[in-house]
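So the chains spell out like this:
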Amino acid sequence: MSRPLPIALVQAPSLADPLAADALDRFEADVTSVLRRFPQTRLVVHPELHTTDPTGLTEADAGRLAEPLDGPRVTRLREVAARAGVWLVPGSVLEAGAAGAVHNTALLLSPTGDLHASYRKIFPWRPYEPTTPGGQFVVADLDGIGRVGLAICYDSWFPEHARQLAWLGAEVVVTVVMTTSSDRAQELVLTRANAIANQVHVVAVNTAGPAGTGRSLVVDPEGRVRVDSPDAMPCVLVDVLDLDDVPRVRRFGTAGLNRLWEQFAEGDAPLELPAYGGRMDPATWRPAAGPAEGTPYSGG
């Protein structure tokens with residue numbers, strides 16, 4: 001049995017001037033070009049803040065560029081997804097929230113142009129990123145395909161984030177990235193570690209040069225890099241994920257050995273986690289059922 005998800009990760013520079021009249025026309029032309037080259041693609045993913053801000057975001061920029069999710073930018077991006085007829089993650093946008101808050105928000109748009117899910121970055125890159133943290137982990141079902149979880153850049157540095165998405169039933173963690181600094185090498189390690197520790201696919205697409213450091217990649221549930229970019233040059237990474245690899249690896253173990261989600265036996269005592277004021281409880285340890293296994297879960 002197989003559940004294929006053909007993906008295209010677009011490692012590209014951010015739009016040079018997101019307020020230019022033709023900025024989203026150029027974005028749509030790029031999506032159209034990708035699908036012309038790779039017509040079987042079902043999910044297209046762009047980097048963090050790809051259509052909203054180039055680099056060097058300041059608090060004044062954030063306030064100037066932020067829009068509500070029913071504003072003109074997201075409305076136009078929804079139209080792009082509908083005309084393309086694919087699942088589209090156009091990176092993240094600056095969302096105008098309540099009481100003047102500005103969130104760094106990833107979007108998942110459906111092939112019919114619906115705003116299927118949105119995720120506010122929980123771990124902004126402090127002290128450098130002037131946005132307000134979100135407070136919800138978000139997973140969503142791609143109809144007839146499987147369940148994805150959304151993450152943004154610095155979230156990858158916090159293992160709790162990928163763990164929570166996997167527990168909510170995510171079979172692939174889609175991470176949009178805008179790393180322009182010297183720590184991309186560490187992020188590659190973390191991307192593989194998050195896949196291994198949670199037995200999920202992880203895909204991460206970074207901004208291309210000259211500002212971004214690139215090196216986007218696709219990692220399978222056993223931590224193997226399936227495809228990657230060796231540098232910061234613009235490129236499109238394509239792959240076909242088999243989402244049934246997730247239950248296979250969890251059943252038989254990573255490398256045929258390690259069954260992380262079967263760690264606890266009946267009668268084991270809960271493990272207290274003082275750092276969180278919580279616990280790992282054997283009664284609630286296993287992930288939620290995905291869409292192929294039980295009732296679909298959608299939202300945060």
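Scoring rules and cut-offs
- Residues numbered from 1 in each chain as written.
- Predicted model: local features only at pLDDT ≥ 70, side-chain atom pairs only at ≥ 80, totals over all residues.
- Heavy atoms only, no water.
- Buried < 20%, exposed > 50% of the residue type's maximum accessible area, 1.4 Å probe, protein only.
- Helix = DSSP H or I, 4+ residues; strand = E, 2+ residues; numbered from the N terminus.
- Pairing = 2+ DSSP bridges.
- Axes fitted to C-alpha atoms, helices over the stretch in contact; angles between N-to-C directions.
- Parallel < 35°, antiparallel > 145°, perpendicular 65-115°, else oblique.
- Left-handed = near helix turned anticlockwise from the far one by under 90°.
- Contact = heavy atoms within 4.5 Å.
- Nonpolar A, V, L, I, M, F, W, Y, C, P; charged D, E, K, R; others polar.

J.: What am I meant to see in the pairing of strand E5 (residues 102–109) here?
T.: Looking along a regular strand, one sees the side chains alternate between the two faces of the sheet. Across the eight residues that make up E5, a large majority, eight, are buried. Of the two faces of E5, the one holding Val-102, Asn-104, Ala-106 and Leu-108 and the one holding His-103, Thr-105, Leu-107 and Leu-109 are both buried throughout. With five bridges joining them, strand E4 (residues 92–96) and E5 adopt antiparallel strand pairing. For Glu-95, the partnering residue across the bridge sits in E5 and is His-103. Between E4 and E5, which pair antiparallel and follow one another directly, the connecting turn spans five residues, one of which, Ala-99, has a positive phi of 55°. Linkage of E5 to strand E6 (residues 115–120), two consecutive antiparallel strands, is achieved through a turn of five residues, within which Gly-113 is found at a positive phi near 90°.

J.: So what exactly am I meant to see when it comes to the packing of helix H4 (residues 159–167) against helix H5 (residues 184–198) here?
T.: Two packed helices can be described by the angle between their axes and the distance between those axes. One way to put it is that H4 packs onto H5 with a least axis distance of 10 Å and a crossing angle of 40°. Classified by the angle between their axes, H4 and H5 sit oblique to one another. Of the two possible hands of crossing, H4 and H5 adopt the one that is right-handed. Contact residues: H4 offers Pro-159, Ala-162, Arg-163 and Ala-166, while H5 offers Asn-194, Ala-197 and Asn-198. The residue inventory of the contact of H4 with H5, partitioned by class, reads four nonpolar, two polar and one charged.

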